[in-house]
Amino acid sequence: MTTRIGIAKLTKTFGRANRQVKAVDEVDLVIEPGEIFFLLGPSGCGKTTLLRMIAGFIQPTSGSIHFNDREITNLNPNKRNAGMVFQSYALWPHMSAIENVAFGLKVRKLDKDERLRRAKAAMDDVQLGHLADRKPGELSGGQQQRVALARALVIRPEVLLLDEPLSNLDARLRNDLREEIRRICKDAGITTVYVTHDQKEALSVADRIAVMRDGKVVQAGAPMELYRRPTTAFAASFLGETNLIDGQLERGGEAGQVVELKTAMGVIPGTLMQKAEAGTKARISLRPESIRSAGSGPITASIAASTYLGEVAHHRAKHASGGELAVSEFAPGPTSAFQGNVSLSVSPEDAVILID
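What counts, and where the lines are drawn
- Residues numbered from 1 in each chain as written.
- Predicted model: local features only at pLDDT ≥ 70, side-chain atom pairs only at ≥ 80, totals over all residues.
- Heavy atoms only, no water.
- Axes fitted to C-alpha atoms, helices over the stretch in contact; angles between N-to-C directions.
- Helix = DSSP H or I, 4+ residues; strand = E, 2+ residues; numbered from the N terminus.
- Parallel < 35°, antiparallel > 145°, perpendicular 65-115°, else oblique.
- Left-handed = near helix turned anticlockwise from the far one by under 90°.
- Contact = heavy atoms within 4.5 Å.
- Nonpolar A, V, L, I, M, F, W, Y, C, P; charged D, E, K, R; others polar.
- Patch = residues over 30% accessible without salt bridge, like charges linked within 9 Å, V, L, I, M, F, W, Y side chains within 5 Å.
- Areas by Shrake-Rupley, 256 points an atom, 1.4 Å probe, with all protein chains shown as cover.
- Salt bridge = Lys/Arg side-chain N within 4 Å of Asp/Glu carboxyl O.
- Expected span 1.5 Å × (residues − 1).
- Polar contact = N/O pair within 3.5 Å; in protein donor to acceptor, adjacent residues only side chain to side chain.
- Buried < 20%, exposed > 50% of the residue type's maximum accessible area, 1.4 Å probe, protein only.
- Pairing = 2+ DSSP bridges.
- Core = buried A, V, L, I, M, F, W, Y, C linked by side-chain atoms within 4.5 Å.
- Phe/Tyr/Trp six-rings, centres within 6.5 Å; stacked < 30°, edge-to-face > 60°.

For the rest of this paragraph, the subject is the packing of helix α4 (residues 141-153) against helix α5 (residues 171-188). As a packed pair, α4 and α5 sit with axes 11 Å apart at the nearest point and diverge in direction by 15 degrees. The pairing of α4 with α5 is recorded here as roughly parallel in orientation. Here the hand of the crossing between α4 and α5 comes out right-handed. Side by side, α4 and α5 meet where Gly-142, Arg-146, Leu-149 and Leu-153 of the first sit next to Leu-173, Leu-177, Glu-180, Ile-181 and Ile-184 of the second. Partitioning the contact of α4 with α5 into residue classes produces 6 nonpolar, 1 polar and 2 charged.

Okay, structure coming up:
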């Protein structure tokens, strides 16, 4: 049976009474059985503190954590049946890869034959069976990370916890291992909580993501939902690049309705993300790749600079008001529409109006 994680009003306060800091501030989350759930946010937002409270390494100030119907808030880490993969790998340098993997089984007092059988199977799962006898120093960074993953999985934990496991690897290797980690977690059917500050990592691997800021969950949802329908300017700007333009609502509406925002760049239609009245100050979020060159778009600008990158070109469009827009063009060619003076438009479905 896979495990559902329930987190209720979880809070962690550091410091003395006169100088307290809430690292995690009354977080409520439900992580479904078998889900790969990401905690995403900038440094200092509380995501690692939250993960370590789930692991049992940090004691909450208040709130509760449940694995299914079992409350584990005050249990020692070794009583939670959770596997942890650290940023630094934390492998024993004097042990072979397979000895590192089997170490947790030895602590649990399994007999030698069973330890070896399960450790070999775990090494095969991460496609490193042929390197079982090598020491960590003889393995690449990516191979060491997979050994650490095998060590966490071999104990058959209810929950797998990953603390920025790819941050020490180069960009190409990170890309390769994202898919590998998702495959392994899904094949194991294990509930996984994964901490990162890398937006692309979260978008490509997660089933759902919680975006955190100042100890709070700003928004949680599926990757596409968060990217296309952010509910705050912070979520919109942190999860990928966006253009945020200030303005005032021409008329009010309900959440999900298309309304118009009067801005210094013109009147731009977009989808309202929460109920608001006419005259309300708001921002509209326009993703660079959603902006099109049109004959009569609401925004008239001039292309101030362009960067050609092969499959994509990035443009900087300057408006007479002094405002600028980042624009991305896929498959650019010599007859690009993004040259000189341009009229720009965005489908109202791709423009979100935020009240925050």
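On to a nonpolar patch on the surface. Taken together, Trp-92, Phe-103 and Val-107 make up a surface patch of nonpolar side chains, about 280 Å² in accessible area. Within the element layout of this structure, Val-107 appears in helix α2 (residues 97-107).

This part takes up helix α3 (residues 112-125). The first and last C-alpha atoms of α3 sit 20 Å apart over 14 residues, in line with the 20 Å expected at 1.5 Å per residue. For α3, the secondary structure elements touched by its buried residues are α2 and α4. For α3, the N-terminal cap is Asp-111; the gap from its side-chain oxygen to the backbone nitrogen of Asp-113 is 3.1 Å. Looking at the residues trailing α3, positive phi occurs at Gln-127, about 60 degrees.

On to the pairing of strand β1 (residues 5-14), then. For a regular strand, side-chain orientation follows a simple rule: the groups alternate between the two sheet faces. Burial within β1 is extensive, with 7 of its 10 residues counted as buried. Judged from the 7 bridges that link them, β1 and strand β2 (residues 21-31) form a sheet pairing that is antiparallel. Its bridge partner lying in β2, Thr-13 is registered against Lys-22. Once β1 ends, the chain turns through 6 residues before running back antiparallel as β2, passing Gly-15 with a positive phi of about 100 degrees.

Our next topic: the pattern of salt bridges. Tallying each qualifying case throughout the model produces 17 salt bridges. For Arg-208, the salt bridge goes to Glu-35, with nearest N and O atoms at 2.6 Å. With Arg-208 in strand β9 (residues 208-213) and Glu-35 in the loop between β2 and β3 (36-40), this residue pair connects regions lying 173 residues apart in the sequence. Among the residues examined, Glu-35 registers a relative accessible area of 8% and is labelled buried. The salt bridge partner of Arg-174 is Asp-198, with a shortest N-O separation of 4.0 Å. With Arg-174 in helix α5 and Asp-198 in the loop between β8 (191-196) and α6 (199-205), this pair connects stretches of sequence that are 24 residues apart.

This brings us to the nonpolar core. Formed by 46 residues in total, the largest nonpolar core has its most connected members in Phe-38, Val-101, Leu-149, Leu-160 and Ile-209. Apart from the residues within four sequence positions on either side, Ile-209 is in contact with Phe-37, Phe-38, Leu-40, Ala-202, Leu-203, Gln-219, Ala-220, Gly-221, Pro-223 and Leu-226. Core analysis: the next-biggest nonpolar cluster, separate from the first, contains 27 residues, Ile-54, Ile-72, Ala-210 and Met-212 among them.

Two aromatic rings are characterised by how far apart their centres lie and by the angle between their planes. The final tally for this structure, using the stated rule, is 4 aromatic pairs. Centroid distance Phe-57 to Phe-86: 6.1 Å. Interplanar angle 25 degrees. Geometry classified as stacked. Of this pair, Phe-57 sits in the loop between α1 (47-55) and β4 (62-67) while Phe-86 sits in the loop between β6 (82-85) and α2; the two residues are 29 residues apart in sequence, bridging distant segments of the chain. In this structure Phe-57 comes out as partly exposed when scored by relative accessible area, which is 42%. For Phe-86, a relative accessible area of 23% translates into the label partly exposed.

Read across the sheet, 5 strands follow the order β15-β19-β16-β17-β18 without closing on themselves; strand pairing throughout is antiparallel. Two strands lie at the open edges of the sheet, namely β15 (292-293) and β18 (324-330), each paired on one side alone. Summarising the sheet, strand β17 (residues 312-319) and β18 pair through 7 bridges and their orientation is antiparallel. Residue pairing for β18: Val-312 is matched across the bridge by Phe-330.

Next up on the list: the packing of α2 against α4. What describes two packed helices is the angle between their axes and the distance between those same axes. With their axes 7 Å apart at the nearest point, α2 and α4 run at an angle of 30 degrees to one another. Taken together, the axis directions place α2 and α4 in an arrangement best described as roughly parallel. Crossing of α2 against α4: the hand is right-handed. Residues Ala-97, Asn-100 and Val-101 of α2 touch α4, and the partners they reach there are Val-147, Ala-150 and Arg-151.

These figures capture arrangement, not role.
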